[in-house]
Amino acid sequence: MENDKYRIGHGYDVHRLEEGEKFIIGGIEVDHYKGAIGHSDADIVIHVICDALLGAMSMGDIGSHFPDTDKKYKNIDSKILLKEVVKILNEKKYEINNIDVTILLEKPKLTGYIDSMKKSLSKVIGIDKSFLSIKATTTEGLGFVGREEGVAAHCVALLINNVA
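The rules behind the values
Residues numbered from 1 in each chain as written. Predicted model: local features only at pLDDT ≥ 70, side-chain atom pairs only at ≥ 80, totals over all residues. Heavy atoms only, no water. Core = buried A, V, L, I, M, F, W, Y, C linked by side-chain atoms within 4.5 Å. Buried < 20%, exposed > 50% of the residue type's maximum accessible area, 1.4 Å probe, protein only. Helix = DSSP H or I, 4+ residues; strand = E, 2+ residues; numbered from the N terminus. Contact = heavy atoms within 4.5 Å. Disulfide = S-S within 2.5 Å. Patch = residues over 30% accessible without salt bridge, like charges linked within 9 Å, V, L, I, M, F, W, Y side chains within 5 Å. Areas by Shrake-Rupley, 256 points an atom, 1.4 Å probe, with all protein chains shown as cover. Salt bridge = Lys/Arg side-chain N within 4 Å of Asp/Glu carboxyl O. 1 Å grid on protein atoms, 1.4 Å probe; cavity = no way out; pocket = protein on both sides within 12 Å on 5 of 7 lines; lining within 4 Å. Points joined across faces, edges and corners; volume = space filled by probe spheres on them. Nonpolar A, V, L, I, M, F, W, Y, C, P; charged D, E, K, R; others polar. Pairing = 2+ DSSP bridges.

A. View of the nonpolar core. In terms of nonpolar packing, the biggest core is built from 48 residues, with Ile25, Ile49, Leu53, Leu82, Ile99 and Ile103 touching the most fellow members. Within the residue set of this core, elements represented by two or more residues are β2 (23–25), β3 (28–30), α1 (44–56), α3 (78–91), β5 (94–104), α4 (114–125), β6 (132–137) and β7 (150–161). No other element matches the 10 residues that α1 contributes to this core. Residue contacts for Ile99: discarding those within four places in its chain leaves Ile49, Leu53, Ile125, Ile127, Phe131, Leu132, Ser133, Cys155, Val156 and Ala157.

Structural data, given as structure tokens:
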């Protein structure tokens, strides 16, 4: 069926920020006095990428594949989860056309970390980093992000099915 050749998925996630926690984002650790809280390592960028890829394949979300009620995922490196999602994608004969991530975070500024994130994640996903866009913006002091209580992220992914 020709309509199945291209699939698009969207991911959205939020995590609370707390002082004294490690801040893992985009597959790397960022030096900051606050870090994201979650069942796994709380890497919001990886979580939204997983959700976008799974959504594009109509396969639910990260929580349905790696539930936070399962102790084996407690504090897990989210790169492991992303590798599993990419494995599913490959088994279903999909390829990633491109991934576009937007991070909403007041502080720290992420500009100096974006290239390291892209290098780390493109290696895990198995795509050239030119097919992975990561951007960061603030909410101009508004809402939970603006008050530095949390971080949010969106992701859109376009997949191509090579057997369609």
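B. Representation of the state of the cysteines in the model. Under the criterion given, the structure shown has zero disulfides. No disulfide involves Cys50; its sulfur sits 9.3 Å from that of Cys155, the nearest cysteine. Given the relative accessible area of 0%, Cys50 is considered buried.

C. A nonpolar patch on the surface, seen in detail. On the surface, Tyr12, Val14 and Phe144 cluster together into a nonpolar patch covering about 250 Å² of accessible area. Tracing the sequence through the fold places Val14 in strand β1 (residues 6–19).

D. Molecular detail of the layout of surface pockets. Counted as a void, the largest pocket has a volume near 220 Å³. If you go around the largest pocket, you meet 14 residues; those closest to its centre are His39, Ser40, His47, Phe66 and Asp68. Counting residues per element, the ones that place at least two in the lining of the largest pocket are β1, α1 and α2 (62–65). Along the lines of polarity and charge, the residues of the lining of the largest pocket split into five nonpolar, six polar and three charged. Of the volumes computed, that of the second largest pocket is approximately 190 Å³. Along its surface, the second largest pocket is lined by Glu21, Lys22, Ile24, Ala36, Ile37, Gly38, Ser40, Asp41, Ala42, Lys74 and Asn75. Taken together, the residues of the lining of the second largest pocket sort by class into four nonpolar, three polar and four charged.

E. Local environment of the pairing of β1. By the bridge criterion, 11 bridges tie β1 to β7 in an arrangement that is antiparallel. By the bridge assignment for β7, Val14 is matched with Ala152. As paired elements, β1 and strand β4 (residues 34–36) share three bridges and run antiparallel to each other. The residue bridging Glu18 from the neighbouring strand is Gly35, located in β4.

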